[in-house]
Amino acid sequence: MNRLHIILLLTIGTLLGSCDEDEPYVYRCEDGIVKYELFNDELNPQARLNKVGSSNVDYHIIQSDNELYQKLTVVFLRKKIDFKTKSLIVINFKTNPPVDVISQSVVADCNHNNLTVTAQLRYASIPVDAVNYVFAIVPKLPSGTSIKFISEYVK
């Protein structure tokens, strides 16, 4: 009977020890191309900043659900972002005429704590002032990360 108790106690102890909380996510920067996801799985999702500043180009790094809903108006959110392990980059820029995002890429420069987001854009035919957006869901970014935006226009 004592052996049975010892085996039972060891089994319960092993099970309880394996139920520890997951360790917090730790960002590990690697130079080069960053794997990213599209916001709402679209290059041009129906989402806009609630308050656009006066700058011609600006970026925001969104780190929580609360911040997402405070800063953005989203027509329909198709999938939830896991903000424990990911960040949402929102770049807004002004053009005349408006543009559509054709493709994009994200590249990390770890020594300078910088991400470069490059977007290939196509002009629309309507000659009006517009605020355009590029979105990218990337691995969780540490505070102090800066974003550089490069726009490339295609015909």
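Residues numbered from 1 in each chain as written. Predicted model: local features only at pLDDT ≥ 70, side-chain atom pairs only at ≥ 80, totals over all residues. Heavy atoms only, no water.

With that settled, the discussion passes to the sheet that holds strand β3 (residues 57–62). With antiparallel pairing, three strands are arranged side by side in an open sheet as β3-β5-β8. In this open sheet, the two edge strands, each paired with only one partner strand, are β3 and β8 (130–139). Strand-to-strand twist in this sheet, taken as the mean axis angle between neighbours without regard to direction, amounts to 20°. Two elements, β3 and strand β5 (residues 86–95), share six bridges in a ladder whose sense is antiparallel. Looking at the pairing, Ile61 lines up with Ile89 of β5. (Pairing = 2+ DSSP bridges. Helix = DSSP H or I, 4+ residues; strand = E, 2+ residues; numbered from the N terminus. Axes fitted to C-alpha atoms, helices over the stretch in contact; angles between N-to-C directions.)

Once that is clear, we can look at the state of the cysteines. On inspection of all chains with the given rule, the structure shows one disulfide. A disulfide bridge connects Cys29 with Cys110, and the sulfur atoms are separated by 1.9 Å. Across the S-S bond linking Cys29 and Cys110, the dihedral sits near -90°, which makes this disulfide left-handed. Of this pair, Cys29 sits in the loop between α1 (2–17) and β1 (32–33) while Cys110 sits in the loop between β6 (99–109) and β7 (114–123); the two residues are 81 residues apart in sequence, bridging distant segments of the chain. You can call Cys29 partly exposed: its relative accessible area is 34%. (Disulfide = S-S within 2.5 Å. Buried < 20%, exposed > 50% of the residue type's maximum accessible area, 1.4 Å probe, protein only.)

Looking now at the environment of Thr95. Within the secondary structure, Thr95 is located in strand β5. Judged by relative accessible area, Thr95 falls into the buried class, the value being 11%. Along the sequence, Thr95 and Pro127 sit 32 residues apart, while their C-alpha atoms lie 9.6 Å from each other. Other than its neighbours up to four places away in sequence, Thr95 contacts Val128, Asp129, Ala130, Asn132 and Tyr153. (Contact = heavy atoms within 4.5 Å.)

Mapped onto the fold, Asn40 is located in the loop between β1 and β2 (47–49). Contacts of Asn40, omitting those with residues within four sequence positions, involve Pro45, Val74, Phe76, Leu77, Arg78 and Lys79.

The next subject is unusual backbone geometry. The omega torsion of the bond from Asn96 to Pro97 falls at 5°, within 30 degrees of zero and hence cis. Residue placement: Pro97 occurs in the loop between β5 and β6. Look at Asn40: it is not a glycine, yet its phi comes out positive at around 60°. Given the relative accessible area of 3%, Asn40 is considered buried.

Now for the sheet that holds β1. Note: strands within a sheet are paired through backbone hydrogen bonds, in either parallel or antiparallel orientation. Pairing within the open sheet is mixed, and its four strands lie in the order β1-β6-β7-β9. Strand pairing shows two members of the sheet lacking a second neighbour, β1 and β9 (146–153), which therefore form its edges. Across ten bridges, β6 lies against β7 in antiparallel orientation. Within β7, the position partnered with Asp109 by the bridge is Asn114.

The nonpolar side chains of soluble globular proteins are, as a tendency, buried together. Counting 19 residues, the largest nonpolar core has Ile91, Leu115, Val134 and Val138 as the members making the most contacts within it. Sorting the residues of this core by element identifies β5, β6, β7, β8 and β9 as the ones contributing at least two each. Ignoring sequence-local partners within four residues, the contact set of Val134 consists of Ile89, Val90, Ile91, Phe93, Val101, Gln104, Val117, Ala119 and Phe149. Leu49, Leu72, Val90 and Tyr133 belong to the second-largest nonpolar core, a separate cluster that totals 14 residues. (Core = buried A, V, L, I, M, F, W, Y, C linked by side-chain atoms within 4.5 Å.)

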